[in-house]
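Here are the chains, one letter per residue:
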Amino acid sequence: MNPIQKRIDEMNERIAGIREAGLYFYLQPLEEMEGAWVVTNGRRMLNFASYSYLGLLGHPKIGAAAKEALERYGTGTHGVRILAGTLPLHNELEQTIARFKGTDDAIVYSSGYVTNLATVSALVGRNDVVICDKFNHASIVDGCLLSQAKFVRFRHNDMDGLERRLQQADPDVGRLVVVDAVFSMDGDIINLPEVSRLCREYDAMLMVDEAHSVGVLGETGHGIEEHFGLHGAIDLHMGTLSKTIPSVGGYVAGKQDVITYLKHVARAFVFSAALPPAQAAAAKASFEVIEEETERVKLLQRNVELFLGGLKERGFDTLDSETPIVPIICGEDERAYQMAKRCQEEDIFVLPVVSPAVPAGLARLRANVTAAHTEEDIAFALDVFERAGREVGVLK
Ligand SMILES: *Cc1c(COP(=O)(O)O)cnc(C)c1O
C-alpha cells in the first residue's frame, strides 16, 4: 500500500475511535453567537473557546465599516497588492496598525499563519540562523523550516538557553530571534526585557508574535511593549486580524525599511491576493474601537483575575498563565477528554488540547476568558469546572 494511504487510514481510525467513545469535540458548528454565549447542536452554552478577547465580534461600528466597504468595492480584489489589488483601505489599514503599534509602517497579509511563514522566510535564508522558543506557534516553526536557515531552539522562556544559542551563532550570518509574546497553549508571557537585551547585545533582529498580546497586554491593550514599558524593544511586531480583531488576515509592523523590503520580497504578499475590502475595513475599525472603548481592556483584565484566581483557589494547576489563555491541566489525554465532556454536559463550551499539540501528560482544557463574560458567567463556570474536576479526578 502507498504509505500516504497508510497515514490517511491511521489518522481516520484514530478519529473514528474517539468519535465512537463520544469524545470527539472538534469541528462543532456554532449556530449562533451572542456575547459570551453560543448555540451549538441546538444548545445554548457559555463559550470558553473564543479568541474574541475584547468581545468585538458583532460590534456595530465594525459591522457598519465592513458593510460600507462591501457596497463600495464588492466582495473581492481580483489581484495581488503589488499589482492591481491595493485599495485605499489597505493602505489606511496599514497606517492604522503602524500608529497603533507605534511603528513607521506595517504590511498586511491574508492570514496570521501566512504572515509568519512569509516573513520569516523572507528575512532569513540558507546561510542564516533563526532562533526560537520551543513553544512558539506552529506557523513560526513552519516559516523557519521553509526558510532553510539553520533552525535552533531554546527551552521555553529560558534566557540562559537563548544566550547560549546567540553565542553559538556565527557572527557573520544573519541572526533572527522569533518568540511569541503570549504562548498560545500555556498563556504565559515571554521575558521580553531579557530577550530584547540579548538581541541587542548579540546584534540579532527580534520578531515577536503578538497574536494573543494585542488587546490583551498593556494598560490600554497595545501589547507586550506597553506591558513591560519598553517601547522600541521589538524590531518586527507580528499580529493577527482574526483574534482580538474580528476579521481575518495578519500583519507585521516595524521600521520603514523592513516593511518596504517585505512588500517586495515576501512571497505570500507578492504572489497572493489582497484581503477582501470588507475584511480590511472591519480590521481598521477594530483598532479604532480598541482605542475609543478603553473600558474593554480593563474588563478583560478584571475577568482574567477573577477566572485565574478562582481556578487556583479551587486547586487547579494553570501553569504560569497570567493572561486570558488559561490551561486547566488534566494529565493524560483521556482525562482531558472526560473533563471536556463533563463541562459540555453542563453547558460550558470548552475544548481539550492533547498531545502532540502539548507535551504528553500535560493534556488540558484550554479555557479562554474574554471581556464578554460577566461576573456571574465566571462564577457559574468555576462551579462547573470544580464539579467536573472532582468527578474526573483532576481535583483531589
Ligand atoms: C492564531 C495564531 C497565529 C495564526 O493566525 P491566523 O490569523 O489564525 O492564521 C499565529 N501565531 C499565533 C501565536 C497564533 O495563536
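Residues numbered from 1 in each chain as written. Predicted model: local features only at pLDDT ≥ 70, side-chain atom pairs only at ≥ 80, totals over all residues. Heavy atoms only, no water.

Description of the sheet that holds strand E4 (residues 105–109)
In step 1: Strand order in the open sheet formed by seven strands is E4-E10-E9-E8-E7-E5-E6, with mixed pairing between adjacent strands. The open sheet terminates on both sides in strands that have one partner only, identified here as E4 and strand E6 (150–154). Neighbour-to-neighbour, the strand axes of the sheet open up by a mean angle of 20°, direction not taken into account.
In step 2: Direction of pairing for strand E9 (residues 236–240) relative to strand E10 (residues 250–254): antiparallel, over a ladder of five bridges. Pairing of threonine 240 across the sheet is with glycine 250, part of E10. (Pairing = 2+ DSSP bridges. Helix = DSSP H or I, 4+ residues; strand = E, 2+ residues; numbered from the N terminus. Axes fitted to C-alpha atoms, helices over the stretch in contact; angles between N-to-C directions.)

A look at the sheet that holds strand E11 (residues 325–331)
In step 1: Strand order in the open sheet made by the three strands is E11-E14-E13, with antiparallel pairing throughout. For this open sheet the edge positions go to E11 and strand E13 (351–353), each flanked by a neighbour on one side alone. Averaged over all pairs of adjacent strands, the angle between their axes in this sheet comes to 35°, without regard to strand direction.
In step 2: Of the strand pairs in this sheet, E13 and strand E14 (residues 363–368) are connected by three bridges, and their pairing is antiparallel. In the strand pairing of E14, proline 352 is matched with leucine 365.
In step 3: Here helix H14 (residues 333–345) sits on the sheet and contacts E11, E13 and E14; the angle it forms with E14, its principal contact strand, is near 35°. (Contact = heavy atoms within 4.5 Å.)

So, the pattern of salt bridges
In step 1: This structure, assessed with the given rule, holds 26 salt bridges.
In step 2: Between glutamate 292 and lysine 61 there is a salt bridge, with its nearest N and O atoms 2.9 Å apart. In this pair, glutamate 292 is assigned in helix H12 (residues 277–292) and lysine 61 in helix H2 (residues 60–73), connecting sequence segments 231 residues apart.
In step 3: For arginine 342, the salt bridge identified is with glutamate 346, shortest N-O distance 3.1 Å. Here arginine 342 matches glutamate 346 in class, with each residue buried.
In step 4: Taken together, the shared-partner salt bridges connect Lys341, Arg342, Glu345, Glu346, Arg387 and Glu391 into one network. (Salt bridge = Lys/Arg side-chain N within 4 Å of Asp/Glu carboxyl O. Buried < 20%, exposed > 50% of the residue type's maximum accessible area, 1.4 Å probe, protein only.)

What to know about the environment of valine 270
In step 1: Assignment of secondary structure puts valine 270 in helix H11 (residues 267–270).
In step 2: Using a relative accessible area of 16% as the deciding quantity, one classes valine 270 as buried.
In step 3: Note: C-alpha distance between valine 270 and glutamate 201 (69 residues apart in sequence) is 33 Å.
In step 4: Residue contacts for valine 270: discarding those within four places in its chain leaves Val80, Ile82, Lys263, His264 and Val265.

Observations regarding the side chain of histidine 90
In step 1: As for its position among the elements, histidine 90 is in helix H4 (residues 88–101).
In step 2: With relative accessibility at 2%, the residue histidine 90 sits in the buried group.

Remarks on the site of the ligand
In step 1: The ligand sits among 15 residues. The nearest are Tyr113, Asp209, His212, Thr240 and Lys243.
In step 2: Between the ligand and histidine 137, the relevant distance is 3.4 Å, taken from a nitrogen atom to a side-chain nitrogen or oxygen of the residue.
In step 3: Taking histidine 212, its side chain carries an N or O atom lying 2.5 Å from an oxygen atom of the ligand.
In step 4: The protein chains hide 85% of the 380 Å² of surface that the ligand would expose on its own.
In step 5: Examining the composition of the shell around the ligand, we find that three residues originate from one element, helix H5 (residues 112–123), more than from any other.
In step 6: Looking at the shell around the ligand, its residues break down into two nonpolar, 10 polar and three charged. (Near = heavy atom within 4 Å. Polar contact = N/O pair within 3.5 Å; in protein donor to acceptor, adjacent residues only side chain to side chain. Areas by Shrake-Rupley, 256 points an atom, 1.4 Å probe, with all protein chains shown as cover. Nonpolar A, V, L, I, M, F, W, Y, C, P; charged D, E, K, R; others polar.)

Description of the domain arrangement of the chain
In step 1: Taken domain by domain, the chain holds domain 1 (11–47 + 294–392) and domain 2 (61–292).
In step 2: Relative to domain 2, the C-alpha centre of domain 1 lies at a distance of 27 Å.
In step 3: At the junction of the two partners, domain 1 supplies 18 residues and domain 2 supplies 20 residues.
In step 4: Across the interface of domain 1 and domain 2, roughly 1,400 Å² is buried in total on both sides, 59% from carbon and sulfur atoms.
In step 5: At the boundary of domain 1 with domain 2, the tally comes to one salt bridge.
In step 6: Our count for the contact surface shared by domain 1 and domain 2 stands at eight residue pairs in polar contact (both at pLDDT 80 or more).
In step 7: Of all the secondary structure elements, the ones that give two or more residues to the side of domain 1 that touches domain 2 are helix H13 (295–313), E11 and E14.
In step 8: The element contributing the most residues to the side of domain 1 that touches domain 2 is H13, with four residues. (Domains from an automatic or database assignment. Buried area = accessible area lost by both parts, 1.4 Å probe.)

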